[in-house]
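The chain contents come next:
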Amino acid sequence: MDTAKELLQKYWGHTAFRPLQQEIIGSVLAGNDTLAILATGGGKSLCYQLPALRLGGLTLVISPLIALMKDQVDDLNRRGIPAAAWNSSLDSRDRARIEGSLRDGTLRLLFVSPERCVQAAFLKTLATCPVRLIAIDEAHCISAWGHNFRPEYRQLAQLRKIFPDVPLIALTATATPEVRKDIVQQLGLLRAKEFVGSFNRTNLQYRVTEKKNPLVFLSNYIGQHRTQAGIIYCLSRNEAGEIALGLKKKGFRAAAYHAGLPPSARVAVQDAFLKGDVDVVCATVAFGMGIDKPDVRFVIHASLPRTLEAYYQETGRAGRDCQYSECILLYSKGDAARLRSFISHDSLSGTNLKIALAKLQAMTDFCETTGCRRHNLLRYFGEAYPADNCGSCDTCSSPPDMADCTAAARLVAGCVQAMPGRFGTELIIDVLRGSKGEKVRQYGLDGLAVYGTGKKYSKGQYRTWIAELVRQGFLERSGDQYPVIGLTGKGRELLNGRLRAMLPAPETGPVKDADVPADTGLNNDARDLFLRLKDLRKEIAGKQGVQPYMIFPDRSLKEMAASRPGDREGLLAITGVGPFKLARYGPVFLEAIRAG
Ligand code: ADP
Ligand code: ZN
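Residues numbered from 1 in each chain as written. Chains lettered and ligands numbered in written order. Predicted model: local features only at pLDDT ≥ 70, side-chain atom pairs only at ≥ 80, totals over all residues. Heavy atoms only, no water.

## Points about the sheet that holds strand β3 (residues 83-86)
Point 1. If you trace the 7 strands from one edge of the open sheet to the other, you get β3-β4-β2-β5-β6-β1-β7, paired in parallel fashion. The two strands at the open ends of the sheet, each matched to only one other strand, are β3 and β7 (193-196). When strand polarity is set aside, the average angle formed by the axes of neighbouring strands in this sheet is 15°.
Point 2. The strands touched by helix α6 (residues 120-127) are β2 (58-62), β3, β4 (109-112) and β5 (131-136); relative to β2, the strand with the most contacts, the crossing angle is about 155°. (Pairing = 2+ DSSP bridges. Helix = DSSP H or I, 4+ residues; strand = E, 2+ residues; numbered from the N terminus. Axes fitted to C-alpha atoms, helices over the stretch in contact; angles between N-to-C directions. Contact = heavy atoms within 4.5 Å.)

Now the structure itself:
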């Protein structure tokens, strides 16, 4: 019988294994339960396809997407390996053919969905087959800690009971240490051998830049990278459509791809992209699964992804040919706030809400870090990066200017200490800058000795510093839905005078005063509307006998004034507007926006 290496050459034409493939295949062939974590493009499929040949009999492959199964089956059949997918789209002739090849033992790999493989009729057929290996692809779907939880994956635990002697291999590209543990537990893997490949994609450069005018940025960038293939990930179908249109108008070969398009249009875009007739696809997350285009030179996130898992997976579609490629994220705090409010209104259960918010926090920490992005990303996946400077991310190649900001850091830490309890970043800044906001008065914070002692610096400056003080461990952040800031032991040492703090050097230029409307960052029209919305809010608050901010915070009104939503859906996208407030106050505010 051929060795694994000979099979690799004979059926796949590859001369060498990729890192860990040989070890993983060896573990499977030795009959172990195996957990294989390899980055996208690491060559996971081979880790069960090759053993399937070697073991003979039948290898059952559980895969979440019918489209992916089809591609794999076609690919295997082209290589002369008997494989089939069993799903609802089969007609009776196909099904009879598959059943025949199952009976006579000629089929090596059978792909099924997780729902299908626990159905009684299917299991009955399977019971008559010599099942030698069960492979569970995209295994992170089994874990609520993963970014793609699919409850039907939970039923796969039954397979272990039905086939107690058949080894299992679980495979995924993205798994934090919690998810790994969860996969092993949920599937009932026994003494599983775990193989975790490196997540470091050395050929990818990471960059985060402030999102100001995305279309201008994108046109400039694509103009400088003409004819290169790239993907722009967008938050919504609307955004994908608008950006694609904007780029097309400027003469770029761009197309939109999202779930709102008919399947034929989606296939056409995908084909055009693969063929090189379209350079840039502006897509929602619906795009990319199973697309094996090796020369994608850039992936740009026009909006913030919800999790680092998603970010890693999406950026992972760049540079599969191992050539230098760029990953750029356009970041705005507004996007982060909007996502936080989406998630909070997603009617997730308690734990899931907590997980989702914690993941978003990790995503924003990645964007706001002044340290190495690669470091941050790899640490999230439980991998230590050996050097401080990766040389290939924005913060490493042009580190922010750091300066001894001990006095400012003590001011902030002192304020955190003086607060009567834990509060969020914004309120701490309000106290430092002497804001006359409602909350400040409500909590009596204007009576604190620190109140108004930090007018010298802007809000943005404090936000940067507080995030950095958290990163360096002087402050800590806790709470998911409403994160609050506390002082750590290290922070107390800073206050005691035992430690000093290096922070991003303060921005220069005049500081705007706290409560003057000029600070709204709005243009004149929007500022007028903002002031009118404030009046409206005051009027309603007066009638209802509540504080104005309980109706909508300033932040929401500013966003409304800036983006002028025209309908309920638009209003719902504003920070602080949930279904309840939408029903209660939506009509009057929409009316005011329309009139304004
Ligand atoms: P993953 O599922 O981990 O993202 P795939 O199994 O789709 O990765 O493999 C990614 C690409 O790498 C495929 O084009 C595959 O043919 C190729 N590949 C896999 N193993 C090897 C190898 N040992 N040598 C060369 N190419 C390989
Ligand atoms: Zn770096």
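Now that the structure is up, let's keep going.
## Concerning the domain arrangement of the protein
Point 1. Parsing the protein into structural domains produces domain 1 (4-196), domain 2 (204-397), domain 3 (402-504) and domain 4 (524-595).
Point 2. Taking only C-alpha atoms into account, the centre of domain 2 sits 31 Å from that of domain 4.
Point 3. Each partner contributes to the roughly 470 Å² buried at the junction of domain 2 and domain 4, and carbon and sulfur atoms together form 55% of this total.
Point 4. When the buried area of domain 2 at its contact with domain 4 is split by residue, Ala337, Arg338 and His345 rank highest and sum to 67% of it.
Point 5. Here Glu559 ties to Arg338 by a salt bridge, and the two come within 3.9 Å at their closest N and O atoms.
Point 6. Summed over the shared surface of domain 2 and domain 4, the result is 1 residue pair in polar contact (both at pLDDT 80 or more).
Point 7. When its residues are assigned to classes, the side of domain 2 that touches domain 4 shows 2 nonpolar, 2 polar and 1 charged. (Domains from an automatic or database assignment. Buried area = accessible area lost by both parts, 1.4 Å probe. Salt bridge = Lys/Arg side-chain N within 4 Å of Asp/Glu carboxyl O. Polar contact = N/O pair within 3.5 Å; in protein donor to acceptor, adjacent residues only side chain to side chain. Nonpolar A, V, L, I, M, F, W, Y, C, P; charged D, E, K, R; others polar.)

## Section: the packing of aromatic side chains
Point 1. This structure, assessed with the given rule, holds 16 aromatic pairs.
Point 2. Here Tyr206 and Tyr311 contribute two aromatic rings whose centre-to-centre distance is 6.4 Å and whose plane-to-plane angle is 45°, an arrangement assigned as tilted. Here Tyr206 is found in strand β8 (residues 204-210), whereas its partner Tyr311 is found in helix α12 (residues 308-315), with 105 residues between them in sequence.
Point 3. When its relative accessible area of 0% is taken as the criterion, Tyr311 is described as buried.
Point 4. Pairwise contacts between aromatic rings join Phe199, Tyr312, Tyr380 and Phe381 into one cluster. (Phe/Tyr/Trp six-rings, centres within 6.5 Å; stacked < 30°, edge-to-face > 60°. Buried < 20%, exposed > 50% of the residue type's maximum accessible area, 1.4 Å probe, protein only.)

## So, the pairing of β5
Point 1. Here β5 lies mainly inside the structure; 5 of its 6 residues are buried.
Point 2. For β2 and β5, the ladder comprises 5 bridges, and the chain directions are parallel. Of the residues in β5, the one forming a bridge with Thr59 is Leu133.
Point 3. After leaving β5, the chain enters helix α7 (residues 157-162) and then returns to the sheet as strand β6 (residues 168-172), a path that is right-handed. (Right-handed = clockwise from strand over helix to strand, strands pointing away.)

## Topic: the side chain of His225
Point 1. Assignment of secondary structure puts His225 in the loop between α9 (214-224) and β9 (229-233).
Point 2. Judged by relative accessible area, His225 falls into the buried class, the value being 17%.
Point 3. Setting aside chain neighbours within four positions, we find His225 in contact with Phe298 and Glu326.

## Section: the pattern of salt bridges
Point 1. Tallied over the entire structure, the rule returns 30 salt bridges.
Point 2. For Lys70, the salt bridge goes to Asp74, with nearest N and O atoms at 3.0 Å. A residue pair is termed a helical-turn pair when its members lie 3 or 4 positions apart in one helix, as Lys70 and Asp74 do in helix α4 (residues 66-78) at 4 residues.
Point 3. With a relative accessible area of 30%, Asp74 lands in the partly exposed category.
Point 4. One salt bridge connects Lys534 with Asp554, and the closest N-O pair in it is separated by 3.9 Å. Within this pair, whereas Lys534 is found in helix α22 (residues 524-544), its partner Asp554 is found in helix α24 (residues 554-563), the two being separated by 20 residues in sequence.
Point 5. Each of Lys211, Glu239, Asp335, Arg338 and Glu559 takes part in a single network of salt bridges with overlapping partners.

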